[in-house]
Amino acid sequence: MSLDKPYADIPGTTVFDADMARVGYHLNQFCMSLMKADNRERFKADERAYLDEWSMTEAQKQAVLDRDYNRMIDLGGNIYFLAKIFSTDGLSFQHAAATMTGMSQEEYAQMMLSGGRSPEGNRYLNETSGGD
Amino acid sequence: MSLDKPYADIPGTTVFDADMARVGYHLNQFCMSLMKADNRERFKADERAYLDEWSMTEAQKQAVLDRDYNRMIDLGGNIYFLAKIFSTDGLSFQHAAATMTGMSQEEYAQMMLSGGRSPEGNRYLNETSGGD
Amino acid sequence: MARITAGVTTSHVPAIGAAIDLGKTQQEYWAPLFKGYEYSKRWIGEQKPDVILLVYNDHASAFSMELMPTFAIGTGEKFQPADEGWGPRPVPEVVGHPELAAHIAQSVIQQDFDLTLVNRMDVDHGLTVPLSLMFGQPGAWPCKVIPIAVNVVLYPPPSGRRCYELGKALRRAVDSFDGDLNVQVWGTGGMSHQLQGPRAGLINREFDNDFLERLVNDPEGLSQMPHVEYMREAGSEGIELVMWLVMRGALDDKVTEKHRFYHVPASNTAVGHLILENS
Amino acid sequence: MARITAGVTTSHVPAIGAAIDLGKTQQEYWAPLFKGYEYSKRWIGEQKPDVILLVYNDHASAFSMELMPTFAIGTGEKFQPADEGWGPRPVPEVVGHPELAAHIAQSVIQQDFDLTLVNRMDVDHGLTVPLSLMFGQPGAWPCKVIPIAVNVVLYPPPSGRRCYELGKALRRAVDSFDGDLNVQVWGTGGMSHQLQGPRAGLINREFDNDFLERLVNDPEGLSQMPHVEYMREAGSEGIELVMWLVMRGALDDKVTEKHRFYHVPASNTAVGHLILENS
Ligand SMILES: [Fe+3]
Ligand SMILES: [Fe+3]
């Protein structure tokens, strides 16, 4: 409410501000729990049951089960918290980043080797090229 | 080490600064543990055994057993932490304060009713009257 | 538009909480103290604030030497009364205002205050005793409360000047919030008291009354007072008075004094109480 | 007299830590990156700092939305590598310098920075990867480390200007410490990277190289850059670069640039690295 958001016009980007933090609180706290090996084991053994221990919304739980990181971010997740999920899965930041761009991990890795996504056309919503 | 201590010349007063906090760390953390009812019960059942669970110095443990609050403060305790001990004992701040002044609780309470300890003669070490 | 309409300062002595909780307010020892808050209860019944920014210090309850923030703001939905060693006070849970708190945090950090945001913490007598003094014993507190915790336990606390400037930053933050809210700022703690060592029991009426007067009419000058003067003159725990300057900074330069009260003793402490309104 | 002799900046990408821990530094993908740190290892072997003030951000490891400090300083004796979801990194524990840290905390709070003091916390890749890059894989880190954690996870972080001013305050604090210590300040994180959403993978070479240049030669001007420019130009996680300004503020206005390195990519990130010495 009247939080100034000068970053709202950056394409493909969700800034983890107070509003998002409120929406994502329980999702992010669930992620923190995966920093303990015991909890990782329990989560891996029965993801649904483990998620049901947290006061997350059904949509948040489903996004976790689906490993849909863009959706988790829409629902208040922050990537540094969400990293505990793909770390638990034994996957890398690059893997997770690739899934969020709609590219295969190979395509994404190749883009990075070629110098990464250009800022040209990716600075403002109204100039977005739509892909890279 | 080279911490500026303009308060060192206030009589009968230990300021809980970084140096004291370092000395008193485990003593004060022990006090924090008494905020849980279970721990209070365990402490009351066998004070010595409970204290031995903490990496406190023998002098700190003995000062707790003796309920010697001045000594606890000398050894790095801070009164807001130490309050958990006399609260566990069911005793008041006024009781604890009285024991530190060497007065009986009645004498101390009477001093407070009469307007408290005067600042006159109690501002600087070299002018201390020695009592109230 | 949210607006800060008034400020309250009051001591938050734990024994006052115990006197209320144990039904002792009419006893000879306590009656004169509670008489000083009768006007205040009527006043706040008329004011009906929506939100209180309640500036207090945690007394080694939520924070310990594991982690000690200089300024912390409670951005959570609810805060429970702390168990300080004799079980939690039998008072209602404290309901926060997460939207306004988050807005304040964002604004105040952008004004160069290095806040710690806290969603989960228990609140001790420093926060609950002032609520009891002003509201009595309702089944639920009649308004939202945003806890603002100031470190005064581990030396050095923020300076009086820094506290006063934080008040001004809080004012700008509230003024820029869209919701239509009547907001009060309370500064708690003090007045003169020393709870430790051979000098315990120190009370300095002259200092305290001068402080009350200057807080109303010379806050700029008062904000320059160094820590050592608080401790020397008002006792080691008298340093809590820096928190009153947060309240004062959040008000207009000129205020209307609605109420002033001073009483000795409450246990080890001199009780001071002010109600100030913006014009 | 303690003195700040030099500053280091470096990215702290977790994949770099994994490459070191898994013995992949000579692989085709990683070799060019580690080549950029060969000078640095020789340099620091000669410099032999006693203490590093290591400015980094916690990545939701020690701090969560339960409690999020803007600036936290580690005043404890030891800090363990955090378990970030795949077990702790196999690196030595980090040994602090409690006396210097406490001195810095006291000094910097009295310079109006509202620090949070932390005695117990685990330290994540943000702190341990720079140590690995500079020192390799020793059995124990060869010097003491004081962790200084800056919030860049929850918006808003402190401004670049505030970070730069914190550096200046750290300088004054170290200068007033009695011990004879060779102190370095490291600023970590960055350079351009975005780890989230459809824009993930953003790299802005031009921005990064301009940032490197201005950090050395126009830090005052650079410190004015608003957050949104970091995020727009260098990716949402590029905001970590504000931490480099803490390092720069702690050095002389004019510095000697001993080393500069820039490399793309390390996983999702552009790696930048500077070594600057006071004259
Ligand atoms: Fe208090
Ligand atoms: Fe990082």
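Residues numbered from 1 in each chain as written. Chains lettered and ligands numbered in written order. Predicted model: local features only at pLDDT ≥ 70, side-chain atom pairs only at ≥ 80, totals over all residues. Heavy atoms only, no water.

- Looking up chain C in an unreviewed UniProt entry gives the name Protocatechuate 4,5-dioxygenase beta chain, with the organism given as Microbulbifer rhizosphaerae.

- As annotated in an unreviewed UniProt entry, chain A carries the name Protocatechuate 4,5-dioxygenase alpha chain and is attributed to Microbulbifer rhizosphaerae.

1. Comments concerning the overall build of chain C
Next up, step 1: In terms of helices and strands, chain C carries 10 helices and 11 strands.
Next up, step 2: Counting only C-alpha atoms, chain C reaches 45 × 45 × 40 Å along its principal axes.
Next up, step 3: Here the analysis covers contacts within chain C between residues at least 6 apart in sequence; of these, 81% occur between residues at least 24 apart.
Next up, step 4: About 8200 Å² of surface is accessible on chain C, with carbon and sulfur atoms providing 47% of the total.
Next up, step 5: Counting 23 positive and 34 negative side-chain charges, chain C places the centres of these two groups 4 Å from one another. (Helix = DSSP H or I, 4+ residues; strand = E, 2+ residues; numbered from the N terminus. Contact = heavy atoms within 4.5 Å. Areas by Shrake-Rupley, 256 points an atom, 1.4 Å probe, with all protein chains shown as cover. Lys, Arg positive; Asp, Glu negative; His and termini not counted. Charge placed at Lys NZ, Arg CZ, Asp CG, Glu CD.)

2. What about the packing of aromatic side chains?
Next up, step 1: Inspection of the entire model under this criterion finds 36 aromatic pairs over all chains.
Next up, step 2: Measuring from centroid to centroid gives 6.5 Å for A:Tyr80 and A:Phe93, while their planes differ by 70°, and the two rings are edge-to-face. Residue A:Tyr80 is found in helix H7 (residues 79-88), and its partner A:Phe93 is found in helix H8 (residues 93-101); the two are separated by 13 residues along the sequence. The pair A:Tyr80 / A:Phe93 is uniform in exposure class, with both members buried.
Next up, step 3: Here the aromatic rings of B:Tyr69 and B:Phe86 are separated by 5.7 Å at their centres, their planes lie at 75°, and the arrangement is edge-to-face. Within this pair, whereas B:Tyr69 is found in helix H5 (residues 69-74), its partner B:Phe86 is found in helix H6 (residues 79-88), the two being separated by 17 residues in sequence. We note that B:Tyr69, like B:Phe86, is buried.
Next up, step 4: Linked through ring pairs, A:Phe30, A:Phe43, A:Tyr50 and A:Trp54 together constitute an aromatic cluster.
Next up, step 5: Positioned over the ring face of C:Phe113 is C:Arg162, at 3.9 Å from the centre of the ring. (Phe/Tyr/Trp six-rings, centres within 6.5 Å; stacked < 30°, edge-to-face > 60°. Buried < 20%, exposed > 50% of the residue type's maximum accessible area, 1.4 Å probe, protein only. Lys NZ or Arg CZ within 6 Å of the ring centre and 35° of its normal.)

3. Details of the pairing of strand E9 (residues 182-188) of chain D
All names here are of chain D.
Next up, step 1: With 7 of 7 residues buried, E9 is to be regarded as a mostly interior element.
Next up, step 2: Neither face of E9 is left uncovered, since the one carrying Asn 182, Gln 184, Trp 186 and Thr 188 and the one carrying Val 183, Val 185 and Gly 187 both have all their residues buried.
Next up, step 3: Bridge count for strand E1 (residues 3-10) against E9 is 7 bridges, and the pairing is parallel. Bridged to Thr 10 within E9 is Thr 188.
Next up, step 4: Across 5 bridges, strand E2 (residues 51-56) lies against E9 in parallel orientation. Across the sheet, Leu 54 pairs through a bridge with Trp 186, a residue of E9. (Pairing = 2+ DSSP bridges.)

4. What about H8(A)?
Next up, step 1: Most of H8(A) sits out of view: 7 of its 9 residues are buried.
Next up, step 2: Against helix H6 (69-74), H7 and helix H9 (105-113) of chain A together with helix H1 (14-21) of chain D lie the buried residues of H8(A).
Next up, step 3: Looking at where H8(A) begins, the residue whose side-chain oxygen comes 3.3 Å from the main-chain nitrogen of A:Gln94 is A:Ser92.
Next up, step 4: Count one or two residues on from H8(A) and you reach A:Gly102, which has phi positive near 80°. (Polar contact = N/O pair within 3.5 Å; in protein donor to acceptor, adjacent residues only side chain to side chain.)

5. Here's the deal with the interface of chain B and chain C
Next up, step 1: At the interface, 46 residues of chain B touch 41 residues of chain C.
Next up, step 2: If you look at where chain B meets chain C, you find 3 salt bridges.
Next up, step 3: For C:Arg232, the salt bridge identified is with B:Asp9, shortest N-O distance 3.0 Å.
Next up, step 4: There are 26 residue pairs in polar contact (both at pLDDT 80 or more) connecting chain B and chain C. (Salt bridge = Lys/Arg side-chain N within 4 Å of Asp/Glu carboxyl O.)

6. Quick word on the interface of chain A and chain D
Next up, step 1: With 46 residues of chain A at the interface, the matching set in chain D holds 41 residues.
Next up, step 2: At the boundary of chain A with chain D, total buried surface from both sides reaches about 3800 Å², with 59% on carbon and sulfur atoms.
Next up, step 3: The tally of links between chain A and chain D comes to 3 salt bridges.
Next up, step 4: In this structure, the salt-bridge partner of D:Glu233 is A:Arg123, at a minimum N-O distance of 2.8 Å.
Next up, step 5: Between the two partners, chain A and chain D, sit 26 residue pairs in polar contact (both at pLDDT 80 or more).
Next up, step 6: For the side of chain A that touches chain D, the secondary structure elements donating two or more residues are helix H1 (18-23), helix H2 (25-33), helix H3 (37-45), H6, H7, H8 and H9 of chain A.
Next up, step 7: With 6 residues, the top contributor of residues to the side of chain A that touches chain D is H7(A). (Buried area = accessible area lost by both parts, 1.4 Å probe.)

7. Points about the UniProt feature "domain: Extradiol ring-cleavage dioxygenase LigAB LigA subunit" (unreviewed entry) in chain A
Next up, step 1: Annotation from UniProt places "domain: Extradiol ring-cleavage dioxygenase LigAB LigA subunit" (unreviewed entry) at residues 27-112 of chain A.
Next up, step 2: From the first C-alpha to the last, residues 27-112 of chain A spans 29 Å; its make-up is 72% helix and 0% strand. (UniProt positions renumbered as here; feature names shortened; annotations may be inferred.)

8. Some details on the nonpolar core
Among soluble globular proteins, nonpolar side chains are generally buried collectively.
Next up, step 1: Among the nonpolar cores identified, the biggest contains 290 residues, and A:Phe30, B:Phe30, C:Ile16 and D:Ile16 are the most heavily contacted of them.
Next up, step 2: Other than its neighbours up to four places away in sequence, C:Ile16 contacts C:Trp30, C:Leu33, C:Phe34, C:Val129, C:Leu133, C:Ala266 and C:Val271. (Core = buried A, V, L, I, M, F, W, Y, C linked by side-chain atoms within 4.5 Å.)

9. Regarding the coordination of the iron ion (ligand 1)
Residue and element names in this part refer to chain C.
Next up, step 1: The coordination sphere of the iron ion (ligand 1), as far as protein atoms go, consists of His 12 (NE2), His 59 (NE2), Glu 240 (OE) and Glu 240 (OE), spread over 2.0 to 2.7 Å.
Next up, step 2: Each of the 4 donor atoms bound to the iron ion (ligand 1) contributes to angles spanning 52 to 153°, and the resulting shape is irregular.
Next up, step 3: Written as a sequence motif, the donor arrangement for the iron ion (ligand 1) is H-x46-H-x180-E. Remark: His 59 occurs in the loop between strand E2 (51-56) and strand E3 (67-69) and His 12 occurs in the loop between strand E1 (3-10) and helix H1 (14-21); sequence separation between them is 47 residues. One exposure class covers both His 12 and His 59, and it is buried. (Donors = N, O, S within 2.8 Å, 3.2 Å for Na, K, Ca; no water. Tetrahedral: all angles 85-135°; square planar, octahedral: opposite > 155°, others 65-115°.)

10. Some thoughts on the sheet that holds strand E8 (residues 144-150) of chain C
Next up, step 1: Within the open sheet, the 9 strands sit side by side as E10(C)-E11(C)-E1(C)-E9(C)-E2(C)-E8(C)-E4(C)-E7(C)-E3(D). Their pairing is mixed. Both outer strands of the open sheet, strand E10 (256-266) of chain C together with strand E3 (67-69) of chain D, are each paired with one neighbouring strand and no more. Pairwise comparison of adjacent strand axes, ignoring direction, gives a mean angle of 15° for this sheet.
Next up, step 2: Taken strand by strand, helix H5 (residues 125-135) of chain C contacts E1, E2, E8, strand E9 (182-188) and strand E11 (269-277) of chain C, and its axis lies near 130° from that of E2(C). (Axes fitted to C-alpha atoms, helices over the stretch in contact; angles between N-to-C directions.)

11. A look at the domain arrangement of chain A
All names here are of chain A.
Next up, step 1: Domain annotation for chain A reports domain 1 (14-91) and domain 2 (92-132).
Next up, step 2: In this assembly, 9 residues from domain 1 lie in contact with 6 residues from domain 2.
Next up, step 3: Of the roughly 660 Å² buried at the junction of domain 1 and domain 2 (both faces included), carbon and sulfur atoms supply 77%.
Next up, step 4: Contact with domain 2 buries surface across domain 1, with Asn 70, Phe 86 and Leu 91 losing the most and accounting together for 60% of the total.
Next up, step 5: The interface formed by domain 1 and domain 2 contains 0 salt bridges. (Domains from an automatic or database assignment.)

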